[in-house]
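Examining the three-dimensional arrangement
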Amino acid sequence: MSKLYIVATPIGNLNDISARALSVLAESDLIAAEDTRHTRRLLDHYEIKQNIVALHDHNERRQSHLVVDRILAGEAVALVSDAGTPLISDPGYVLVQQARAAGIVVEPIPGPSALTAALSVSGLPTDQFQFLGFLPSKGREARIRAFVDYAGTLVLYEAPHRIENLLTLIVKHFGPSRDVVICRELTKVYEQVIDGPAEALLSKLAEGIIPARGEMVVLVAGRQSVSDSAIVTLDHCLNVLCAELPVSAAASLASRILGVKRNEAYKRALDHQQVDDQL
Ligand code: SAM
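Below is a summary of the structure that appears in this document. Computed from a predicted structure; not experimentally measured.

The next point concerns the overall build of the chain. Across its full length, the chain carries eleven helices and ten strands. The C-alpha atoms of the chain give 26 Å as radius of gyration, which overshoots the globular expectation for 279 residues (19 Å, by more than 25%). Once the C-alpha set of the chain is aligned to its principal axes, its extents read approximately 85 × 45 × 35 Å. Relative to its full complement of 279 residues, the chain shows a buried share of 43%. Counted over contacts in the chain with a minimum sequence separation of 6, partners at least 24 positions apart contribute 65%. Accessible surface, the chain: about 15000 Å² in total, of which carbon and sulfur atoms supply 52%.

Here Glu-47, not a glycine, exhibits a phi torsion of approximately 55°, which is positive. Within the secondary structure, Glu-47 is located in the loop between α2 (36–45) and β3 (52–54). Phi at Glu-185 takes a positive value of approximately 55°, unusual for a residue other than glycine. Tracing the backbone through its elements, the reader meets Glu-185 in the loop between β8 (179–184) and β9 (192–197).

Here we come to the site of the ligand. Around the ligand, the structure places 19 residues, and the nearest of them are Asp-90, Ser-113, Ala-114, Tyr-157 and Met-216. One nitrogen or oxygen atom from the side chain of Tyr-157 is found 2.7 Å from an oxygen atom belonging to the ligand. Contact between the ligand and Glu-158: an oxygen atom at 3.5 Å from a main-chain N or O atom of the residue. Taken by itself the ligand offers 570 Å² of open surface, and the protein chains cover 91% of this.

A few words on helix α5 (residues 114–122). All of the buried residues along α5 are Ala-114, Leu-115, Ala-118, Leu-119 and Ser-122. For α5, the buried positions fall inside an angular range of 125° around the axis, keeping them on one side. In this fold, the buried residues of α5 make contact with β6 (129–134), β7 (153–158), β8 and β10 (216–220). Once α5 ends, the next one or two residues include Gly-123, with phi positive near 80°.

Between the first and last C-alpha of helix α3 (residues 60–72) there are 18 Å, a value that for 13 residues agrees with the 18 Å anticipated at 1.5 Å per step. In this structure, the buried side of α3 is in contact with β1 (3–7), β3, β4 (76–80) and α4 (93–101). Phi turns positive one or two residues past the end of α3, at Gly-74, with a value near 115°.

Right, let's talk about the sheet that holds β6 for a bit. The strand order β6-β7-β10-β8-β9 describes an open sheet built from five strands, whose pairing is mixed. On the outer flanks of this sheet lie β6 and β9, each paired with one strand and no other. Taking each pair of neighbouring strands and ignoring which way they run, the sheet shows an average axis angle of 15°. Strand direction decides the pairing type here: β6 and β7, joined by five bridges, are parallel. Note on β7: the bridge partner recorded for Gln-130 is Leu-154.

So, how was this worked out
- Residues numbered from 1 in each chain as written.
- Predicted model: local features only at pLDDT ≥ 70, side-chain atom pairs only at ≥ 80, totals over all residues.
- Heavy atoms only, no water.
- Helix = DSSP H or I, 4+ residues; strand = E, 2+ residues; numbered from the N terminus.
- Rg over C-alpha atoms; globule rule 2.2 N^0.38 Å.
- Buried < 20%, exposed > 50% of the residue type's maximum accessible area, 1.4 Å probe, protein only.
- Contact = heavy atoms within 4.5 Å.
- Areas by Shrake-Rupley, 256 points an atom, 1.4 Å probe, with all protein chains shown as cover.
- Near = heavy atom within 4 Å.
- Polar contact = N/O pair within 3.5 Å; in protein donor to acceptor, adjacent residues only side chain to side chain.
- Arc of directions from axis to C-beta.
- Expected span 1.5 Å × (residues − 1).
- Pairing = 2+ DSSP bridges.
- Axes fitted to C-alpha atoms, helices over the stretch in contact; angles between N-to-C directions.

Here it is in structure tokens:
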């Protein structure tokens, strides 16, 4: 049946291709691939003989017309990228748009993506995340700064020669203690998943504990929860007030200013005082 299949392929380990992906690749009339030589190697590994045409960033608009025409003429076409899921920081958007506009059925053959693989092992919350892909080479700082207050997990793709710059930007704008996870070479021999405060990871990069090589996904923990930041605010408020007032008056004012329970503020103020007395 004439259709466009969007086929996910491995991000490193060739065994990660699905049985369904292999049969779609073998049975389609044509494969549209980001890099024909790269895809030919994958097909050779599975002894699949197929016609392949190139569809990449530089010819996507023109090639998409041709592919859409062939599907409308009755063919089934499979789109693949070099690794992972097409359209995820990879070509295919124009083709899918044109195919859907032409009334063609577009069917996913789901499988690996560095995005979901990294999220699944990072240990950071996955209920809310923002995928930023690659930061642009110009305007990187402004782009990432816009997400400083984002409460969910940020996920970025990064090239090895820019990883130091990215971590430096994270330290500068998110603070040195913001938790970061770097997932390198997932599903490959030298797979590495390493987490820690942004500044510590920058040091590990300088020491070579994190090699600036291979493929990387960088995840940044979201801004602290409201309750955590409220505690920081209460502490700051009590610090200022306790320097001028007796503890009970300081606690009373802090509870009115921040709308927290008076006994909670009082208890925290006493904790402060005990720490101060010990110094
Ligand atoms: N379409 C792919 C996907 O679904 O993940 C992404 C393609 S994008 C051009 C390539 C980037 O994905 C790499 O620079 C890296 O940031 C990330 N990536 C791909 N494979 C990876 C792997 N095995 N380990 C870590 N990151 C990977």
